[in-house]
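Letter by letter, the chains look like this.
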Amino acid sequence: MNTPHHSDLGATLELSRSGLRDNHRRSLMRLLFLITGSSLVIFACLQLLNGFWWVATIELLASALLFFGMARLRTSPHLQQWIYGYLVTLFSFFLVIMLLPEASVSAFVWVLMMPVLAYLLLGKHEGLILSVPFMIVGCVIYFVHLGAIGSPHVMIDLLNMVLCGTLMLTFVHMYEIRREEAEQRLVTMAQTDALTGLANRNSFQHKLNRTIAECERSGTGFALVIMDIDHFKVVNDSMGHDAGDHVLRNIGHCLMERLRVTDSVGRLGGEEFGLILRDVRPADAFELMDELRQRIADSELVYGEARIRVTASFGIAQWPDHGRQPEALFRVADRCLYSGKRAGRNRVARAGPTSLYGEVLAG
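In short, a report on the structure. (Residues numbered from 1 in each chain as written. Predicted model: local features only at pLDDT ≥ 70, side-chain atom pairs only at ≥ 80, totals over all residues. Heavy atoms only, no water.)

## Brief notes about the pairing of strand β7 (residues 348-351)
Two faces make up the sheet, and in a regular strand the side chains alternate between them.
Here is step 1: Pairing of strand β6 (residues 312-319) with β7, which is carried by three bridges, proceeds in the parallel orientation. Bridge pairing in β7 links Phe314 to Val348. (Pairing = 2+ DSSP bridges. Helix = DSSP H or I, 4+ residues; strand = E, 2+ residues; numbered from the N terminus.)

## Let's talk about a nonpolar patch on the surface
Here is step 1: On the surface, Leu31, Leu34, Ile35, Val41, Leu60 and Phe67 cluster together into a nonpolar patch covering about 480 Å² of accessible area.
Here is step 2: Take the nonpolar patch: its biggest share by element is four residues, from helix α2 (residues 22-50).
Here is step 3: Of note, Ile35 is situated in helix α2. (Patch = residues over 30% accessible without salt bridge, like charges linked within 9 Å, V, L, I, M, F, W, Y side chains within 5 Å. Areas by Shrake-Rupley, 256 points an atom, 1.4 Å probe, with all protein chains shown as cover. Salt bridge = Lys/Arg side-chain N within 4 Å of Asp/Glu carboxyl O.)

## Description of the packing of α2 against helix α4 (residues 79-99)
Here is step 1: Their axes nearest at 11 Å, the elements α2 and α4 cross at an angle of 30°. It follows from the interaxial angle that α2 and α4 lie roughly parallel. Both α2 and α4 take part in a crossing whose hand is left-handed. Residues Asp22, Arg25, Arg26, Met29, Leu32, Phe33, Thr36, Leu40 and Gln47 of α2 form the contact with α4, whose own contacting residues are Leu79, Gln80, Trp82, Ile83, Tyr86, Leu90, Phe93 and Ile97.
Here is step 2: Residues of the contact of α2 with α4, tallied by class, amount to 11 nonpolar, three polar and three charged. (Axes fitted to C-alpha atoms, helices over the stretch in contact; angles between N-to-C directions. Parallel < 35°, antiparallel > 145°, perpendicular 65-115°, else oblique. Left-handed = near helix turned anticlockwise from the far one by under 90°. Contact = heavy atoms within 4.5 Å. Nonpolar A, V, L, I, M, F, W, Y, C, P; charged D, E, K, R; others polar.)

## Looking at the nonpolar core
Here is step 1: Counting 33 residues, the largest nonpolar core has Met29, Ile83, Tyr86, Leu87, Phe91, Met98 and Met114 as the members making the most contacts within it.
Here is step 2: Per element, the largest residue contribution to this core is nine residues, and it comes from α4.
Here is step 3: Among all residues touching Met29, those that are not within four sequence positions of it are Leu73, Leu79, Trp82, Ile83, Tyr86 and Leu121.
Here is step 4: Core analysis: the next-biggest nonpolar cluster, separate from the first, contains 32 residues, Leu198, Ala223, Ile296 and Val310 among them. (Core = buried A, V, L, I, M, F, W, Y, C linked by side-chain atoms within 4.5 Å. Buried < 20%, exposed > 50% of the residue type's maximum accessible area, 1.4 Å probe, protein only.)

## Describing the packing of helix α5 (residues 113-122) against helix α7 (residues 152-191)
Here is step 1: At a closest axis distance of 9 Å, the pairing of α5 and α7 adopts a crossing angle of 20°. With respect to each other, α5 and α7 are oriented roughly parallel. Crossing of α5 against α7: the hand is right-handed. Contacts between α5 and α7 involve Pro115, Val116 and Tyr119 from the former and Met168, Leu169, Val172, His173 and Glu176 from the latter.
Here is step 2: Its residues assigned to classes, the contact of α5 with α7 shows six nonpolar, one polar and one charged.

## Description of helix α8 (residues 201-218)
Here is step 1: In this model, α8 (18 residues) spans 26 Å end to end at C-alpha, consistent with the 26 Å of a helix rising 1.5 Å per residue.
Here is step 2: Listed as buried for α8 are Ser203, Phe204, Gln205, His206, Leu208, Thr211, Ile212 and Cys215.
Here is step 3: Packed against the buried residues of α8 are α7, β1 (222-229), β2 (264-269), β3 (272-278), β6 and α12 (326-342).
Here is step 4: Just downstream of α8, Gly219 is the residue with a positive phi angle, here 80°. (Expected span 1.5 Å × (residues − 1).)

What follows is the structure, encoded as structure tokens:
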């Protein structure tokens, strides 16, 4: 049986803090460092002309640090710390510029950039927590900069800043919520078998990989089971594919209903299903699958006026007795499955304790 080796999309999203993956955030941060560092050199020259030598000195030092960071970010494992350091320093610098006595009114527009950068690089929750305090302080500084607000003109200027900042934050936050929801729906579709609602082959494979890693750490074991519906082609050929789909959906429901919350099940393709039974001994896994086999055999599915009965065969491999890698477990479980089918179907077959392919059959 071929086992796919694709990246685990669900795990990748869980580790991602924003709509950008870490490699994209790393590239964006290097670009921001380059643009910001180059801009600071230009602003430092202008500040020297304006007589603010101390501001120019700070800008030049910050520029040198940014160019150093741009080189380090290519391989640095501390991406999140670099992002926080950059954003906190940048937002603080915006506030310092606003506090200068000769500050231009246009300097206050940087308040509107705070949520955009924070949400893009940190995601919804951390972006909100970081940007809101800086935006509030920026609006307060703008209020002080305007002076008395007795005149309607000054009041309009203040309200424009407050309203624009609030709307910018609201729109960015709403967009991030909708983006997360849409992304989650796509992930669910990518990881779920559309017919049965179970994990699809790729998702099941990644679940198996994670289970092996967890059991390696904890020293526990598990069983990998491959289940195949017997003579499924007969159902499709005699009653149509819609009847076959009906059988597959009911089998999927039966598996989910019978297994424990710690177990996992997925549709591997066609009429074949995979099961992961956590923390079970070989004898217990055999007994559980034999009970499930009998339950499927005793069930009668109603399809219109017809009654459909199917049986299933099972092959069981035990980790780590029959292999420590997914490919080895799949191979053993697959051979056991077809040993059961050759023995007459409607069987549970497992590898023996000393031989990978010594079967114990029930049916």
